[in-house]
Amino acid sequence: TIWNLGSINADHVYAVPHIAAPGETLAASALNRGLGGKGANMSVAAARAGARVEHLGAVGTDGGWMVARLESYGVSCTHVQRREGPSGHAIIAVDAEGENAITLWPGANREIDLDVVKRALEQAKQGDILVAQNETNGQVEAAALARARGLTVAYAAAPFEAEAVRAVLGHLDFLVLNEIEARQLSEALGTPVERLEVPNVVVTLGARGCDWIETASGARHHVDAPKVEAVDTTGAGDTFTGYLIAGLAEGRPMRQALERASRAGAIKVGRRGAADAIPTAEEVDRAAL
Ligand code: ADP
């Protein structure tokens, strides 16, 4: 089982002629609403990859449809909490060139009751995986608890905050971050990511694929991404991470899990949307890439 302490957001995507200037009022020509949030994206990706996923998170009073959507993708939401007030959401303006401006409200994602998380994790078994990202509260507590219970702990350092990574680093088996985050982290810590005290570091490189670093030996393995035409890179990293941990949960060798994650990420960037655009295992395994 994969336990995901993760954000759940409603993405409101507005098509605008240009990004509004200060003081300007602008009418949008289209509105698309979908499920997003790094946590929800990862849960959907891992479930679509074939894993059993228990989502640990929270939605507000307006979040019923998001829980239903997660469940429709095969994600168990038994431990998803309901909070007073709004769910996490993102107001995303996208202009004709694809440039965007985003306002994010964390809402219920930062009001997760850790006692509920702790009780849920008491049902976790050795060999299970905990995954977390930086869009919720409680990342460090959950990682420490999961580690103590013998779970494998994976963390995606996004949205990037050096202090958040520093705080959780000692409890991790896998750290996943993109190239920019890797550079920011090594600058903040004064240590290259190759020398972090995390056994496995995975750096995603967009169209160039990813690198997996085993820090104990310093061995670096590269996996190429398939060549695709990118139309929307939203959620590429989340899709990649969800597929990667699903592969680990299934006991796939690391290289095989990375190759499948790369294919899944590449298919995602060819489609518009976040959670709703994540490919199924069949699509990932059958696509001629
Ligand atoms: P993030 O979304 O976190 O910035 P990346 O952009 O590095 O992460 O993307 C994560 C993974 O998705 C990559 O390692 C790759 O497998 C796949 N991917 C992303 N962009 C492309 C692209 N343009 N072409 C092919 N694969 C891509």
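Treat the numbers as computed from the prediction; the structure is a model and nothing was measured.

1. Some points on the nonpolar core
Working step 1: Core analysis: the biggest nonpolar cluster contains 83 residues, and Ile 2, Ala 46, Leu 130, Tyr 155, Leu 175, Leu 244 and Ile 245 have the highest contact counts within it.
Working step 2: The biggest single contributor to this core is helix H7 (residues 236-249), with eight residues.
Working step 3: Setting aside anything within four residues of it in sequence, one finds Ala 46 in contact with Ile 2, Ala 51, Val 53, Gly 242, Ile 245 and Ala 246.

2. Some words on the UniProt feature "active site" (unreviewed entry) in the chain
Working step 1: Per the UniProt record, "active site" (unreviewed entry) is found at Asp 238.
Working step 2: If you trace the backbone, Asp 238 turns up in helix H7.
Working step 3: Asp 238 gets classed as buried once you count the C-beta atoms within 10 Å, which come to 30.

3. Details of the pairing of strand S9 (residues 100-105)
Working step 1: Relative to S9, strand S8 (residues 88-94) runs antiparallel, the two sharing six bridges. By the bridge assignment, His 89 is partnered in S9 with Trp 105.
Working step 2: What sits between the antiparallel neighbours S8 and S9 is a turn of five residues, in which Gly 98 has the positive phi angle 90°.

About the cut-offs
Residues numbered from 1 in each chain as written. Predicted model: local features only at pLDDT ≥ 70, side-chain atom pairs only at ≥ 80, totals over all residues. Core = buried A, V, L, I, M, F, W, Y, C linked by C-beta atoms within 7 Å. Buried ≥ 20, exposed ≤ 12 C-beta atoms within 10 Å, placed from the backbone. Helix = DSSP H or I, 4+ residues; strand = E, 2+ residues; numbered from the N terminus. Contact = placed C-beta atoms within 7 Å. UniProt positions renumbered as here; feature names shortened; annotations may be inferred. Pairing = 2+ DSSP bridges.

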